[in-house]
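Residue-level structural notes
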Amino acid sequence: MQGLYEVIAPLAALDLEQERLERTRDRAILARDQAIAGQRALEEQLARATAALEVHAEAQRALRRQLDRAQRSIDAARRALDYGGGGAEASIRQLDQNLALLDEHETHLLEGLEEEERLQAELAAARRALAEATEAVASARVPSAVLDAISAADAQRQTLLGHLSREYREHYLHLRPKGAFAKVLGAACGRCNSTITPQLLNELRKGELKSCRSCHRWLVVAEG
Ligand SMILES: [Zn+2]
């Protein structure tokens, strides 16, 4: 029994500190995952904005082609009227129809320019948002100090376990996945909340190694 607590106490401190470090690490990983998800969503938004602008540009090109056709038709009708001859009525009808069409296409083209400006602004906003999100991902790293401290704790644990008897080591390793130690909080086990008797508390305060009767974790009494 001699020296046992000298191994168990640092092991308990190590485990509780490592759990704190692992929670910090997990929070950082979660924040990074969320930043990456945000970045992906913005990449998709940028792709949609780019596609919408391309569709719109194609529609505007088609309108310009229609406008050119109407203009050519107007020119042809005017030439026919200039040269005189038969079919003046048909030429005038062609002229009127195409002047109306030209007017209509020009209106649509102008409306299209406004829409293009709106889509360009959306695209620029999507690019800015994505740039910000990319920066957020780059800065959302798990701090290397935390990872180093976790590795250091693992190494230190191996050393401490080397000083334990097989029986205690096995008990420890059996409990370790869910936490081998529980802090005493008030008069209860800090993990499973079962009551700690005054007698058990006394024994713990004397520095004896005791387990929670319910969850079997080794109990640690807070200093002071
Ligand atoms: Zn317990």
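Note that this is a predicted model, so its numbers are computed, not measured. (Residues numbered from 1 in each chain as written. Predicted model: local features only at pLDDT ≥ 70, side-chain atom pairs only at ≥ 80, totals over all residues.)

Glancing now at the overall build of the protein chain. Scanning the protein chain for helices and strands turns up five helices and three strands. Along the protein chain, helices (α) and strands (β) appear in the sequence α-α-α-α-β-β-α-β when read from the amino end. Whereas a compact globule of 224 residues would reach a radius of gyration of roughly 17 Å, the protein chain reaches 39 Å, over 25% beyond that. Each of the three principal axes of the protein chain carries a C-alpha extent, and together these read 125 × 35 × 30 Å. Residues classed as buried in the protein chain amount to 9% of the 224 residues present. Sequence-distant contacts in the protein chain: of pairs separated by 6 or more residues, those separated by 24 or more amount to 70%. (Helix = DSSP H or I, 4+ residues; strand = E, 2+ residues; numbered from the N terminus. Rg over C-alpha atoms; globule rule 2.2 N^0.38 Å. Buried ≥ 20, exposed ≤ 12 C-beta atoms within 10 Å, placed from the backbone. Contact = placed C-beta atoms within 7 Å.)

Attention shifts here to the nonpolar core. Formed by 14 residues in total, the largest nonpolar core has its most connected members in A12, F181, A182, W218, L219 and V220. Broken down by element, this core gets its largest block of residues, four residues, from helix α1 (residues 4-83). If we ignore the near neighbours within four places in the chain, the residues touching A182 are C189, G190, R191, C212, C215, R217, L219 and V220. (Core = buried A, V, L, I, M, F, W, Y, C linked by C-beta atoms within 7 Å.)

In this section: the sheet that holds strand β3 (residues 218-220). Ordered in space as β2-β1-β3, the three strands form an open sheet in which the pairing is mixed. The sheet is open, and its two borders are formed by β2 (188-189) and β3, each paired with just one other strand. With three bridges joining them, strand β1 (residues 181-185) and β3 adopt parallel strand pairing. Across the sheet, K183 pairs through a bridge with V220, a residue of β3. (Pairing = 2+ DSSP bridges.)

Moving on, we come to the domain arrangement of the protein chain. The domains assigned to the protein chain are domain 1 (29-142) and domain 2 (165-220). The distance between the C-alpha centroids of domain 1 and domain 2 comes to 71 Å. (Domains from an automatic or database assignment.)

This part takes up the environment of L173. By the secondary structure assignment, L173 is in helix α4 (residues 166-175). Spatially, the C-alpha atoms of L173 and L161 are 9.4 Å apart, while their sequence positions differ by twelve residues.

Attention now goes to unusual backbone geometry. Here N193, not a glycine, exhibits a phi torsion of approximately 70°, which is positive. Exposure remark for N193: the 13 C-beta atoms within 10 Å place this residue in the partly exposed category. A positive phi is found at H216, a non-glycine position, where the angle reads about 65°. By the element assignment, H216 lies in the loop between α5 (198-205) and β3.

Walk down a regular strand and you will see the side chains alternate between the two sheet faces. With two bridges joining them, β1 and β2 adopt antiparallel strand pairing. Opposite L185, over in β2, you have A188 as the bridge partner.

This brings us to the environment of L53. When you line up the elements, L53 lands in helix α1. C-beta crowding within 10 Å serves as the criterion here: with 17 such atoms nearby, L53 is assigned to the partly exposed category. Along the backbone, L53 and L123 are 70 residues apart, and their C-alpha atoms lie at a distance of 8.2 Å. If sequence neighbours within four positions are ignored, L53 has contacts with L119, Q120 and L123.

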